[in-house]
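Descriptive analysis of the structure
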Amino acid sequence: MNVANGEISREIGDINLAYMLLAQKLVKQDRVAAMFRLGVSRELADMLANMSLAQILKLAASNFLLCSFRLDEHASMSAVVGEGKDTMLQQAHMSILMSARSLQSQKETASV
């Protein structure tokens, strides 16, 4: 592994650790809000809340990013960051998209 790849892996690990600690903090403070904000199921929220620091450190050490974009479609991302939108409008648009996605996910889970 060259120096650049080693540095990138370390930076990914740092992001993973920050993300995991933030996710756990969010879940412990308000489980329902955290599930919505993080886009995770109740089962995953429970798992996050109960993970030990050692488990979080071990998982964060992966060189794969644990967090991901929730706007994974070009059209959705373009709609939110479009030219001329102020911050409040972007936040409102993002909330609408995430709510719709959450409802769709719940419908899919209920039908299984």
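Residues numbered from 1 in each chain as written. Predicted model: local features only at pLDDT ≥ 70, side-chain atom pairs only at ≥ 80, totals over all residues. Heavy atoms only, no water.

Tallying secondary structure elements over the chain gives 6 helices and 0 strands in all. Taken from the N to the C terminus, the helices and strands of the chain come in the order α-α-α-α-α-α. Here the C-alpha atoms of the chain give a radius of gyration of 17 Å, more than 25% beyond the 13 Å that 2.2 N^0.38 yields for 112 residues. Burial analysis of the chain (112 residues in total) assigns 20% to the buried set. Of the roughly 8,300 Å² of accessible surface on the chain, a fraction of 61% belongs to carbon and sulfur atoms. The positive charge centre, built from 11 side chains, and the negative charge centre, built from 11, are 7 Å apart in the chain. (Helix = DSSP H or I, 4+ residues; strand = E, 2+ residues; numbered from the N terminus. Rg over C-alpha atoms; globule rule 2.2 N^0.38 Å. Buried < 20%, exposed > 50% of the residue type's maximum accessible area, 1.4 Å probe, protein only. Areas by Shrake-Rupley, 256 points an atom, 1.4 Å probe, with all protein chains shown as cover. Lys, Arg positive; Asp, Glu negative; His and termini not counted. Charge placed at Lys NZ, Arg CZ, Asp CG, Glu CD.)

With 13 residues, the main nonpolar core has V27, L38 and L48 as its most contacted residues. Looking at this core, the elements that each hand over two or more residues are α1 (3-29), α2 (31-38) and α3 (42-50). When residues of this core are assigned to their parent elements, the largest contribution, 4 residues, is made by α1. Once residues within four sequence positions are removed from consideration, V27 is found in contact with A34, L38, A45, L48 and A49. (Core = buried A, V, L, I, M, F, W, Y, C linked by side-chain atoms within 4.5 Å. Contact = heavy atoms within 4.5 Å.)

We now examine the environment of S78. Note that S78 resides in helix α5 (residues 74-81). Residues S78 and S68, spaced 10 residues apart in sequence, show a C-alpha to C-alpha distance of 17 Å.

With that out of the way, let us pick up the packing of α5 against helix α6 (residues 87-111). When two helices pack together, you describe them by how their axes are tilted relative to each other and by the distance separating the axes. Contact geometry of α5 with α6 gives a least axis separation of 8 Å together with a crossing angle of 150 degrees. Looking at the two axes, α5 sits roughly antiparallel to α6. Contact with α5, carried on its side by S76, A79, V80 and V81, involves Q90, H93, M94 and L97 of α6 and no other residues of that element. (Axes fitted to C-alpha atoms, helices over the stretch in contact; angles between N-to-C directions. Parallel < 35°, antiparallel > 145°, perpendicular 65-115°, else oblique.)

On to α3, then. What α3 keeps buried is the set A45, L48 and A49. Angular distribution of buried residues about the axis of α3 spans 100 degrees; they occupy a single face of the element. In α3, those exposed residues whose orientation departs by more than 90 degrees from the buried face are E43, M47 and N50. For α3, the secondary structure elements touched by its buried residues are α1 and α2. (Arc of directions from axis to C-beta.)

A few words now on the packing of α1 against α2. One way to put it is that α1 packs onto α2 with a least axis distance of 6 Å and a crossing angle of 140 degrees. By the angle between their axes, α1 is oblique relative to α2. Facing Y19, A23, L26, V27 and Q29 of α1, the residues of α2 in contact are R31, A34, R37 and L38. Taken together, the residues of the contact of α1 with α2 break down into 6 nonpolar, 1 polar and 2 charged. (Nonpolar A, V, L, I, M, F, W, Y, C, P; charged D, E, K, R; others polar.)

Take the pattern of salt bridges next. Within the structure shown, the criterion is met by 2 salt bridges. Among the ionic pairs, D14 bridges to R10, the shortest N-O distance being 3.3 Å. Of the two residues, D14 and R10 are both situated in helix α1; the distance of 4 residues between them amounts to about one turn of the helix. A salt bridge links D46 to R31, with the nearest nitrogen and oxygen atoms 2.1 Å apart. You can see D46 sitting in helix α3 and its partner R31 sitting in helix α2, a full 15 residues away along the chain. Judged by its relative accessible area of 31%, D46 falls in the partly exposed class. (Salt bridge = Lys/Arg side-chain N within 4 Å of Asp/Glu carboxyl O.)

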